[in-house]
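Breakdown of the fold
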Amino acid sequence: MNPFFFGSSAQPLYGVHHPHKAQQMRQESVLLCPPFGQEYMRSHRAYRQLAMLLAMQGYSVMRFDYRGTGDSSGEIENATVEGWLEDIDVAVEELKETACVDKVNVVGLRLGALLAAAASTGKSQIHKLVLWDPVISGTRYDEELQKAMQMEGASVCNRVDENETLHFNGFPLVKKLRQELGTLDLLDLNPKADKVFNVISQENDSSRILKNAWNRKTNYTYELAPAPGDWNYVDEFGGILLPQPVIQAIVNWMVK
Amino acid sequence: MKEDFFRYGENNRGFGMLSLPETMADAPIVILFNAGLLHREEPYRLNVLLGRQLAELGYIVLRVDLSGKGDTPARLGLNNRESVALDWGFIKEALYKRFGVQDFILGGLCSGADNAIKLTALEPCVKGLILMDPISSRDNRFYMRNWFRKISNPYKWLTMHSIFARFVYRHIASTTAASEEMESLRDKPTREDEEQCFSYIMEKRGRVLAIFTSHALSRYNEVGQYARASGIENLADCCDEVFFPHAMHLYPVQAHRDQLISTIANWASTHLKLFQGVNR
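None of these values were measured; they are calculated from a predicted model.

Quick notes on the rules
Residues numbered from 1 in each chain as written. Chains lettered and ligands numbered in written order. Predicted model: local features only at pLDDT ≥ 70, side-chain atom pairs only at ≥ 80, totals over all residues. Heavy atoms only, no water. Helix = DSSP H or I, 4+ residues; strand = E, 2+ residues; numbered from the N terminus. Rg over C-alpha atoms; globule rule 2.2 N^0.38 Å. Contact = heavy atoms within 4.5 Å. Lys, Arg positive; Asp, Glu negative; His and termini not counted. Charge placed at Lys NZ, Arg CZ, Asp CG, Glu CD. Buried area = accessible area lost by both parts, 1.4 Å probe. Salt bridge = Lys/Arg side-chain N within 4 Å of Asp/Glu carboxyl O. Polar contact = N/O pair within 3.5 Å; in protein donor to acceptor, adjacent residues only side chain to side chain. Nonpolar A, V, L, I, M, F, W, Y, C, P; charged D, E, K, R; others polar. Buried < 20%, exposed > 50% of the residue type's maximum accessible area, 1.4 Å probe, protein only. Pairing = 2+ DSSP bridges. 1 Å grid on protein atoms, 1.4 Å probe; cavity = no way out; pocket = protein on both sides within 12 Å on 5 of 7 lines; lining within 4 Å. Points joined across faces, edges and corners; volume = space filled by probe spheres on them. Core = buried A, V, L, I, M, F, W, Y, C linked by side-chain atoms within 4.5 Å. Axes fitted to C-alpha atoms, helices over the stretch in contact; angles between N-to-C directions. Parallel < 35°, antiparallel > 145°, perpendicular 65-115°, else oblique.

1. Some remarks on the overall build of chain A
Within chain A, the regular secondary structure consists of eight helices and 11 strands. Relative to the compact-globule value of 18 Å for 256 residues, chain A shows a C-alpha radius of gyration of 17 Å, a close match. On the principal axes, the C-alpha backbone points of chain A span a range of 55 × 45 × 35 Å. Across chain A, contacts joining residues at least 24 apart in sequence account for 70% of those joining residues at least 6 apart. Positive and negative side-chain charges in chain A, numbering 25 and 32 respectively, have mean positions lying 7 Å apart.

Given below as structure tokens:
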């Protein structure tokens, strides 16, 4: 893996390039868009493994952190959806340049899937789009988090504060970010990608809504790959999640 | 402050991230280890924010993925202690090549603190320790303070029924509390490790910062107990203890995170000259 900084020098973003490891390089590359908060922490290992498996299949793969998250610069309190979409656009261009290919496939997990789909309707041209356990709308995501908060009981790390910042599992979603996320809805977005793969580790209301709405699309494939999918679960062991069936399903679909 | 990548080990297999101060001359080096299975950023980017803050103060800070964690592949056929010790040798070598520094400050949360102690015990090259929720021994009056803390807490009285139910359930099902279960999974430093570690620190006239949260309540409940209960003579003279009884182990509350980072930054700022003094 080759780590590097990209984007503006004032606010560099952290990226990792996994060059292809196969005898023959494919003329496609893959960008992995991470989720947010606890889900990001739990998915780091899974993304790393996915990147390595795709690299072994001949893809040039890139992981990165949005501004205000991970090793990228900035504070999470200043994060905006516009900024994160810009980050995806910059990452797509960076990957094209690094891998010397024009076709970019994007994998997004949870909130990363919603952002990747939104990015596909803008500047970024995406060939294949993988939506892994996607958040289907910002409003639904907000409701989902608030519902989980009610179930667990309000606490100092699970609450909405006086500035309307939603703290979930200790990660803050500031009012502006919540409002901006509220404008994103997968059903309205109609992602511009040649092929869309929706892979789900556990079926739920959100996954059924999306499946029913998109099932007739010719470029849409749905797959249930049963695996642990409790991305927001918190323990004191620093537990991570490595859902092999989903990772394998993504690799299989990508190379098909 | 700027950041750069750090590679170590055979074929540069190991990975970490450096936060670098404006002036590198005489800058002491802090190495922050992973907690549990998490990658180098730690929960809530603790190591990222802490590293950047310490770099602003003049420290070089490395947040590093040990083998099997984050972006560093696992070593096969070695146990945790062997793998960490091997990594440490390579990390030191890479840091020396790059910065010419041979004395370090090690830090970490939970198993990161355990690793810091075990590595310090290996050889006298560590001048400072930042230990977040290390394992503390209990002193003679621990149980009395613990008992008093419980009976003087009105919330405990109000929830007595659920405490009793939990106790009975655990007894019948032969299960243990989550904190005990977690503690049993930790590859803790031995008594010999601790003795050797702190004797090296004292020999080098170094400093220790030990910070405890509510997670440590089953073992720690008073500032000063860590040094006192260790049974290591004069440890209290070089050990600063801080107790955040309302904070949780992984610091999910922003205010507690801010408090933790400012506590460490104050300590680092106070001792900057001391750490600079012997590095060259």
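2. A few points about the interface of chain B and chain A
Tallying the contact residues gives 37 residues for chain B and 33 residues for chain A. Buried area between chain B and chain A, both sides added, is near 2700 Å², and the carbon and sulfur share of it is 55%. The largest contributions to the chain B side of the interface with chain A come from B:Y44, B:R45 and B:D71, which together make up 20% of the buried area. Here chain B is connected to chain A by four salt bridges. As a salt-bridge pair, A:R48 and B:D71 come within 3.6 Å of each other at their nearest N and O atoms. Along the contact surface separating chain B from chain A lie 17 residue pairs in polar contact (both at pLDDT 80 or more). Contributions of two or more residues to the side of chain B that touches chain A are made by β1 (2–8), β2 (14–20), α1 (46–57), α7 (178–185) and α11 (254–270) of chain B. The leading source of residues in the side of chain B that touches chain A is β1(B), at four residues. Here the residues of the side of chain B that touches chain A sort into 16 nonpolar, eight polar and 13 charged.

3. Things to note about the environment of B:I261
Residues and elements named next belong to chain B. For I261, the location among the structural elements is in helix α11. Accessibility expressed as a relative area gives 7% for I261, which makes it buried. Separated by 208 residues in the primary sequence, I261 and Q53 place their C-alpha atoms 7.9 Å from one another. Ignoring anything within four residues of it in the chain, the contact list for I261 reads L46, L49, L50 and Q53.

4. Quick notes on the sheet that holds strand β9 (residues 171–173) of chain A
In any sheet, the strands associate via hydrogen bonds between backbone groups, in a parallel or an antiparallel arrangement. Residue and element names in this part refer to chain A. What the three strands build is an open sheet, ordered β7-β8-β9; its pairing is antiparallel. One side of each edge strand has no neighbouring strand; the edge strands of this open sheet are β7 (159–160) and β9. Across two bridges, β7 lies against strand β8 (residues 166–168) in antiparallel orientation. Paired with R159 across the two strands is H167, which belongs to β8.

5. A word on empty space enclosed by the protein
All names here are of chain A. All told, the structure shown has seven cavities of 30 Å³ or more when counted by the stated rule. Its boundaries defined by the atoms lining it, the largest cavity holds a volume of some 130 Å³. Surrounding the largest cavity, 14 residues form its lining, Y40, H44, R63, F64 and D65 being those nearest its centre. Among the elements of the structure, β2 (13–18), α1 (38–56) and β4 (60–64) are those that each provide at least two residues to the lining of the largest cavity. With four residues, the single largest contributor to the lining of the largest cavity is α1. Of the residues that constitute the lining of the largest cavity, the class distribution is six nonpolar, three polar and five charged.

6. What about the layout of surface pockets?
Residue and element names in this part refer to chain A. In this structure, the second largest pocket encloses a volume near 1100 Å³. The wall of the second largest pocket is formed by 38 residues, among which A148, E152, F168, N232 and Y233 lie closest to the centre. With eight residues, the top contributor of residues to the lining of the second largest pocket is helix α4 (residues 138–152).

7. A closer look at the nonpolar core
By size, the foremost hydrophobic cluster in this structure holds 84 residues, and its most contacted members are A:L31 and A:I88. Judged by nonpolar contacts, the second largest core, of 46 residues, contains B:A116, B:C197, B:L235 and B:F243.

8. Thoughts on unusual backbone geometry
Even without being a glycine, A:R110 presents a positive backbone phi close to 50°. Among the secondary structure elements, A:R110 is positioned in the loop between β5 (103–109) and α3 (111–120). A relative accessible area of 10% places A:R110 in the buried class. Although it is not a glycine, B:D133 sits at a positive phi angle of roughly 55°. Inspection of the secondary structure assignment puts B:D133 in the loop between β6 (126–132) and α4 (142–151).

9. A look at the packing of helix α2 (residues 81–99) of chain A against α3(A)
Residue and element names in this part refer to chain A. Closest axis-to-axis distance for the α2/α3 pair is 9 Å, and the angle between their directions is 75°. In terms of orientation, α2 and α3 fall into the roughly perpendicular class. Taking contact as the criterion, the partners of V81, W84, L85, I88 and D89 in α2 are, on α3, L111, L115, A116, A118 and A119. Split by residue class, the contact of α2 with α3 holds nine nonpolar, no polar and one charged.

10. With respect to the sheet that holds β2(A)
Residue and element names in this part refer to chain A. Pairing in this open sheet of eight strands is mixed, and the strands run β1-β2-β4-β3-β5-β6-β10-β11 from one edge to the other. Each edge of the sheet is formed by a strand with only one pairing partner; in this case those strands are β1 (2–6) and β11 (220–224). The average undirected angle you get between the axes of adjacent strands in this sheet is 20°. Two elements, β2 and β4, share four bridges in a ladder whose sense is antiparallel. Directly across from H18, in β4, lies its bridge partner V61. Contacts from α3 reach β3 (28–33), β5 and β6 (126–132), with the element oriented near 155° to β6. Across the face of the sheet, helix α8 (residues 244–255) comes into contact with β3, β5, β6, β10 (193–200) and β11 while running at roughly 160° to β6.

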